[in-house]
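These are the residues of each chain, in order.
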Amino acid sequence: MGAGVPMRYAMWGLCLCVCMLTAAAANGDATAASSTTLTNEPEEWSSAATRELWDEVVANVTARMDGIEAEVADVEKTLSTVWVFVCGCLVFLMQVGFCFLEAGTVRSSNVINIIFKNMGDCSIGALMWWAVGYSLAFGTKGNAVMGYDTAYMALSPGLGDELSDKYAHFWLSFTYMTTAATIISGAVAERINLIAYAVVVLLVTSVGYPTSCRWIWGDGFLSPWSENVIAGNGALDFAGSIVIHLFGGVCGVTLAWAIGPRKLRDGIDVFSPAGQIVITPHNKLQQAVGTLILWFCWYAFNAGSVGAMSGGGSRVAAQAVLTTCISSGISTVVGGLVSRYRSGFYDIGDTCNCALSGLVGITAGCAYVSTGMAAFIGVVSVFTYFGFQSLRRRLRIDDVVDAGAVHLAG
């Protein structure tokens, strides 16, 4: 432990001084006392009492040092648990951001439907992740595709001493899972009823996302830390660009394509100029507020993947926050300029989505890349966003919030 080493040296030095003064007082010989050390006892002792005192001092100091090390270890564990808990709370707050963003993007008649869907992501997701999802993702048994472990189901007491550590990990991983599920709700907005969407959430949170999580973050075939890895060094995905956003984007776009475009009154085509007017977002302020909430929480989203502040974790978290800040900042500026060039005015919807696209793009490598590379990633994310947006319109995929362009392409 980095904090324990200086303390050890200090305690040994204190012990050395005490022993030297004790020997000098007993023998009356300061010269002999100065050569005394903890590891080399004097050959002769003036009395049994002096030797007994020596042994008592050494035993007391050693016991105290062991106690300090145990206390330091306990403090480090406590701080890491608090860090994971706080980051998890901020990641869960992203649900508020998604709710604002999606509610502002849809037409006013569909706002209540969107709110219920976001609440379903959290409530159904919590039950499924607790019952089976966590086990399928991180269970110690299974294979490179899907895991399982009955002790991980419902966080069984069979985990023994590991149970308290799993509580914190379960909480953070649950908040990540809700993010993946919510991406889907925005893509299929205005076309799917609550019962059908509840079934989708149940399948995604109990089987779909746990499988994606297993592949890279568990003991899967793409995990760099797994013996089952089949592709070189695997996939380095620090905070979930692939596990969460790519998965959510693919599911959202696929479902939007399968359901088909929204049916507007009088047979108006949703992709026609008249259709674009009909589906204009009803509240751009909510769009912007939702984006800013997501942006704020994204720093915890990326830095929280560190999992602990000890052992260099604080440095990694700081780098993740810095690169996230740079990528999102430049993607917002470039996205606003590109929207002005494309449409003749600064489009707040596209600008907000470009900010999110830059956040998605940096998420995988936020702890690995330099600040210059973070800026480059932010710029590239803007053009992949607009490119995918144009492609899905040509394919007549009605993605209401452009979840695919942001989370799949970004």
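Since the model is a prediction, treat every value here as computed from it, not as a measurement.

S.K.: Quick question: what am I supposed to make of the overall build of the chain here?
M.R.: Of the regular secondary structure elements, the chain holds 13 helices and 2 strands. For the chain, the proportion of its 410 residues judged to be buried stands at 47%. Within the chain, residue pairs in contact and separated by at least 24 positions form 70% of the contacts whose partners lie at least 6 positions apart. Surface summary for the chain: the accessible area is close to 19100 Å², and the carbon and sulfur share equals 67%.

S.K.: Just checking my understanding: could you explain the state of the cysteines for this structure?
M.R.: Simply put, disulfide is the name for a covalent bond between the sulfur atoms of two cysteines. Scanning all chains against the criterion turns up 0 disulfides. Cysteine C87 shares no disulfide, and the gap to the nearest cysteine sulfur, in C89, comes to 9.3 Å. Here C87 falls in the buried class, since its relative accessible area comes to 3%.

S.K.: How should I be thinking about the packing of helix α11 (residues 348-363) against helix α12 (residues 371-394) in this particular structure?
M.R.: The interhelical angle for the contact between α11 and α12, taken along N-to-C directions, is 125°, at an axis separation of 8 Å. Classified by the angle between their axes, α11 and α12 sit oblique to one another. Crossing hand, α11 versus α12: right-handed. Between α11 and α12, the residues in contact are D350, N353, C354, S357, G358, G361 and I362 and A374, I377, S381, V382, Y385, F386 and Q389, respectively. Looking at side-chain class alone, the contact of α11 with α12 contains 7 nonpolar, 6 polar and 1 charged residues.

S.K.: Help me understand the pattern of salt bridges, please; the structure alone is not making it clear to me.
M.R.: Pairing between side chains becomes possible if they bear opposite charge and their charged atoms approach one another. Under the counting rule described, the total for this entry stands at 5 salt bridges. The partner of E190 in a salt bridge is R262, and the shortest N-O contact between them spans 3.2 Å. Of this pair, E190 sits in the loop between α5 (163-187) and α6 (194-217) while R262 sits in the loop between α7 (241-259) and α8 (273-278), and the two are 72 residues apart along the sequence. The same class applies to E190 as to R262, namely buried. For R262, the salt bridge is made with D398, and the minimal N-O distance between the two is 2.7 Å. A residue pair is termed long-range when its members are at least 10 positions apart, and R262 in the loop between α7 and α8 and D398 in the loop between α12 and α13 (403-409) qualify at 136 residues. Here R262 and D398 have matching classes, each one buried. Three or more residues are tied together by salt bridges with common partners; here these are R107, E190, R262 and D398.

S.K.: Got a minute to help me understand the packing of aromatic side chains in this structure?
M.R.: Note on aromatic pairs: each is described by the distance of the centres and the angle between the planes. According to the stated counting rule, one finds 16 aromatic pairs in the structure shown. Where W129 meets Y134, the ring centres are 6.1 Å apart and the plane angle is 65°; that geometry is what we call edge-to-face. Each member of the pair, W129 together with Y134, is buried. Arranged with centres 6.0 Å apart and planes meeting at 50°, the rings of Y176 and W217 form a pair that is tilted. Taken together, the residues span a long stretch of sequence, with Y176 in helix α5 and W217 in helix α6 at a distance of 41 residues. By relative accessible area, Y176 is classed as buried at 4%. Judged by relative accessible area, W217 falls into the partly exposed class, the value being 21%.

S.K.: I tried to follow the nonpolar core on my own but got confused; where do I start?
M.R.: Nonpolar side chains in soluble globular proteins generally cluster together in the buried interior. Counting 55 residues, the largest nonpolar core has M94, W129, Y209 and W298 as the members making the most contacts within it. It is α5 that provides the largest number of residues to this core, a total of 8 residues.

S.K.: Just to check I follow, could you spell out the confidence of the model for the chain for this structure?
M.R.: Regions with low pLDDT should not have their predicted coordinates read in detail. With 86% of its residues at a pLDDT of 70 or more, the chain shows a mean pLDDT of 86. Under a pLDDT of 50 for its full length, residues 7-11 has, in the predicted model, 6 contacts with residues more than four places off or in other chains.

S.K.: What am I meant to see in the environment of R393 here?
M.R.: Here R393 shows up in helix α12. Among the residues examined, R393 registers a relative accessible area of 37% and is labelled partly exposed. As for R393 and F271, which are separated by 122 residues in sequence, their C-alpha atoms are 7.4 Å apart. If near-sequence neighbours (up to four positions away) are discounted, R393 is found in contact with F271 and R342.

S.K.: Explain a nonpolar patch on the surface to me, please; I cannot follow it from the model alone.
M.R.: A contiguous nonpolar patch, built from I112, I115, F116, M119 and L194 and spanning about 470 Å² of accessible area, is present on the exposed surface. Counting residues per element, the nonpolar patch draws most heavily on helix α4 (residues 111-138), at 4 residues. Positionally, I112 belongs in helix α4. On the accessibility criterion, I112 (52% relative accessible area) is exposed.

S.K.: In this structure, what is going on with the environment of F116? I would like to understand it.
M.R.: Relative to the helices and strands, F116 resides in helix α4. Along the primary structure F116 and C99 are separated by 17 residues, whereas in three dimensions their C-alpha atoms are 9.5 Å apart.

S.K.: Is there a simple way to explain α11 in this structure?
M.R.: Every α-helix carries 3.6 residues per turn, so stepping three or four residues along brings you back to the same face. When the terminal C-alpha atoms of α11 are compared, their 23 Å separation across 16 residues agrees well with the 22 Å that a helix rising 1.5 Å per residue should span. Among the 16 residues that make up α11, 15 are buried, leaving the element largely enclosed by the rest of the structure.

S.K.: It is not clear to me how the packing of helix α10 (residues 313-343) against α12 should be interpreted in this structure. Could you clarify?
M.R.: α12 packs onto α10 with a crossing angle of 40° between their chain directions and a minimal axis gap of 8 Å. Put simply, α10 runs oblique to α12. Every pair of crossing elements has a handedness; the one defined by α10 and α12 is right-handed. The residues of α12 that touch α10, namely those facing L322, T323, I326, S327, I330, S331, V334, G335, V338, S339 and R342, are T371, A374, A375, I377, G378, V379, V382, F383, F386, Q389, S390 and R393. In terms of residue class, the contact of α10 with α12 is built from 12 nonpolar, 9 polar and 2 charged.

Rules used in this analysis
- Residues numbered from 1 in each chain as written.
- Predicted model: local features only at pLDDT ≥ 70, side-chain atom pairs only at ≥ 80, totals over all residues.
- Heavy atoms only, no water.
- Helix = DSSP H or I, 4+ residues; strand = E, 2+ residues; numbered from the N terminus.
- Buried < 20%, exposed > 50% of the residue type's maximum accessible area, 1.4 Å probe, protein only.
- Contact = heavy atoms within 4.5 Å.
- Areas by Shrake-Rupley, 256 points an atom, 1.4 Å probe, with all protein chains shown as cover.
- Disulfide = S-S within 2.5 Å.
- Axes fitted to C-alpha atoms, helices over the stretch in contact; angles between N-to-C directions.
- Parallel < 35°, antiparallel > 145°, perpendicular 65-115°, else oblique.
- Left-handed = near helix turned anticlockwise from the far one by under 90°.
- Nonpolar A, V, L, I, M, F, W, Y, C, P; charged D, E, K, R; others polar.
- Salt bridge = Lys/Arg side-chain N within 4 Å of Asp/Glu carboxyl O.
- Phe/Tyr/Trp six-rings, centres within 6.5 Å; stacked < 30°, edge-to-face > 60°.
- Core = buried A, V, L, I, M, F, W, Y, C linked by side-chain atoms within 4.5 Å.
- pLDDT = per-residue confidence, 0-100.
- Patch = residues over 30% accessible without salt bridge, like charges linked within 9 Å, V, L, I, M, F, W, Y side chains within 5 Å.
- Expected span 1.5 Å × (residues − 1).

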